[in-house]
Amino acid sequence: MALVERVNLDRAAVGLSAVEFDAFSSAVADHHCQEMAGAKFLSHWNQRGLLPYHRYHLSGGRDHVQENLSRITVFSGSRSPIGTQPEELLPHLAEAHERQIAEKPPLDGHRRNILDPAHTHMGIGLAVVEGELTMAEEFLNRYVRLKELPRALPKVPIEVQGEILRKGFGPYYCGLFYEGVPQPRTPAQLERTYAYGESEGEECAAIRPWEIRFQVSTGRFRFSFRPKNCGPGFYHLLLWVRNDIRSIPYELQMGVNKIDTKGAVEAAGWVFIR
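Notes on the structure in this doc start here.

Glancing now at the overall build of the protein chain. Within the protein chain, the secondary structure is distributed over six helices and twelve strands. The C-alpha atoms of the protein chain give a radius of gyration of 20 Å, which matches the 19 Å a tight globule of 274 residues would have. Expressed as a percentage of its 274 residues, the buried residues of the protein chain come to 49%. Counting contacts in the protein chain only where the partners sit at least 6 residues apart, residues at least 24 apart contribute 77% of the total. Total accessible area on the protein chain is roughly 13,700 Å²; 51% of this is exposed by carbon and sulfur atoms. Both charge centroids of the protein chain, one from 32 positive and one from 33 negative side chains, sit 7 Å from each other.

Have a look at this one:
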């Protein structure tokens, strides 16, 4: 919790709202940190080839998630050179966080993630294995409560239902992106990985605002789509919301046929498997 307080001090210093601690994403992140520390690598991918949002969604989470990672290696003759008591760990976590918040453009991805105004919650993962300490900060955008979806991508139309949790926001756009079959990687290969994207695959379905039924008074929405079969593997559903409901074209208007997600918030997601 002390790390969350530090993050919120950094956010408050630039006029941003605080994030709340999230236990579920912390537990998911702990597993990834344990794998990284045990195999001595640092990567957003795990050895199965799964990214942060894969691991979070496959565990049941439906918020949008973005990850910061840190690793500290201590070389020592001692088998356990890193203490595991909270008072021993906190200086290491604070040091890792301070390195990230001190980043300068254009190499400031961690800092921009910490100071993203869209974030509402935060999970913290941590593992210590001998001289390896790994930490994960999982930043969540919790704007939507999605109803449960199937894991297997059906061949029939899919209905997505949910509820907007933040006043003034409305569902804006949804895309389904084909990512293929995750490729396992060795720790040596993972050490050479860097940043990741979330909507880089082939778009197999697109749902625009006028295809979404949204009840402003209750915040509930629903839409249906039939996904194109792009092949076996993972399909990533990504939902954007936008502030100022009155400006969202829930009715098709003359000359409006393109949607720009710039300025919208990535708010929820799911991973289907085919």
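All chains considered together, the criterion is met by eight aromatic pairs. Judged by centre distance (5.6 Å) and plane angle (50°), the rings of Y173 and W240 are tilted. Remark: W240 occurs in strand β11 (residues 234–243) and Y173 occurs in strand β7 (residues 169–180); sequence separation between them is 67 residues. A relative accessible area of 11% means that Y173 is categorised as buried. For the pair F214 and Y250, a centre-to-centre distance of 5.4 Å together with 45° between the ring planes defines the contact as tilted. Residue F214 is found in strand β9 (residues 213–215), and its partner Y250 is found in the loop between β11 and β12 (265–273); the two are separated by 36 residues along the sequence. The buried category is assigned to F214, whose relative accessible area is 16%. Following the ring pairs from residue to residue traces out a cluster consisting of F221, F223 and F225. Geometry around Y143 places R166 over its ring, the cationic atom sitting 4.9 Å from the centre. The ring of Y235 carries the charged tip of R274 above its face, separated from the ring centre by 5.8 Å.

This part takes up the side chain of H54. Note that H54 resides in helix α3 (residues 52–58). Within polar-contact distance, the side chain of H54 engages the side chain of E179 at 2.6 Å.

So, on to the sheet that holds strand β10 (residues 220–225). Strand pairing in a sheet takes place through backbone hydrogen bonds and is either antiparallel or parallel in direction. With antiparallel pairing, the four strands of this open sheet are ordered in space as β5-β6-β10-β9. At either margin of the open sheet sits one strand with a lone partner, and together these are β5 (144–146) and β9. Geometrically, the sheet is characterised by an average inter-axis angle of 20° between neighbouring strands, direction not taken into account. Across six bridges, the pairing between strand β6 (residues 158–164) and β10 is antiparallel.

Turning our attention to the layout of surface pockets. Size it by volume and the largest pocket reaches roughly 710 Å³. Surrounding the largest pocket, 25 residues form its lining, H44, E67, G109, H110 and A195 being those nearest its centre. Counting residues per element, the lining of the largest pocket draws most heavily on strand β2 (residues 64–73), which supplies six residues. What the second largest pocket holds in volume is close to 280 Å³. Lining the second largest pocket are 18 residues, and of these W45, G49, L51, H54 and E179 lie nearest its centre. At the level of elements, α3 and β7 are the ones that each hand at least two residues to the lining of the second largest pocket. Along the lines of polarity and charge, the residues of the lining of the second largest pocket split into seven nonpolar, seven polar and four charged.

Another aspect to go through is the environment of A206. Here A206 shows up in strand β8 (residues 202–207). Residue A206 is classed as partly exposed on the basis of its relative accessible area of 38%. The residues contacting A206, other than those within four sequence positions of it, are Y173, C174 and E211.

Cut-offs applied
Residues numbered from 1 in each chain as written. Predicted model: local features only at pLDDT ≥ 70, side-chain atom pairs only at ≥ 80, totals over all residues. Heavy atoms only, no water. Helix = DSSP H or I, 4+ residues; strand = E, 2+ residues; numbered from the N terminus. Rg over C-alpha atoms; globule rule 2.2 N^0.38 Å. Buried < 20%, exposed > 50% of the residue type's maximum accessible area, 1.4 Å probe, protein only. Contact = heavy atoms within 4.5 Å. Areas by Shrake-Rupley, 256 points an atom, 1.4 Å probe, with all protein chains shown as cover. Lys, Arg positive; Asp, Glu negative; His and termini not counted. Charge placed at Lys NZ, Arg CZ, Asp CG, Glu CD. Phe/Tyr/Trp six-rings, centres within 6.5 Å; stacked < 30°, edge-to-face > 60°. Lys NZ or Arg CZ within 6 Å of the ring centre and 35° of its normal. Polar contact = N/O pair within 3.5 Å; in protein donor to acceptor, adjacent residues only side chain to side chain. Pairing = 2+ DSSP bridges. Axes fitted to C-alpha atoms, helices over the stretch in contact; angles between N-to-C directions. 1 Å grid on protein atoms, 1.4 Å probe; cavity = no way out; pocket = protein on both sides within 12 Å on 5 of 7 lines; lining within 4 Å. Points joined across faces, edges and corners; volume = space filled by probe spheres on them. Nonpolar A, V, L, I, M, F, W, Y, C, P; charged D, E, K, R; others polar.

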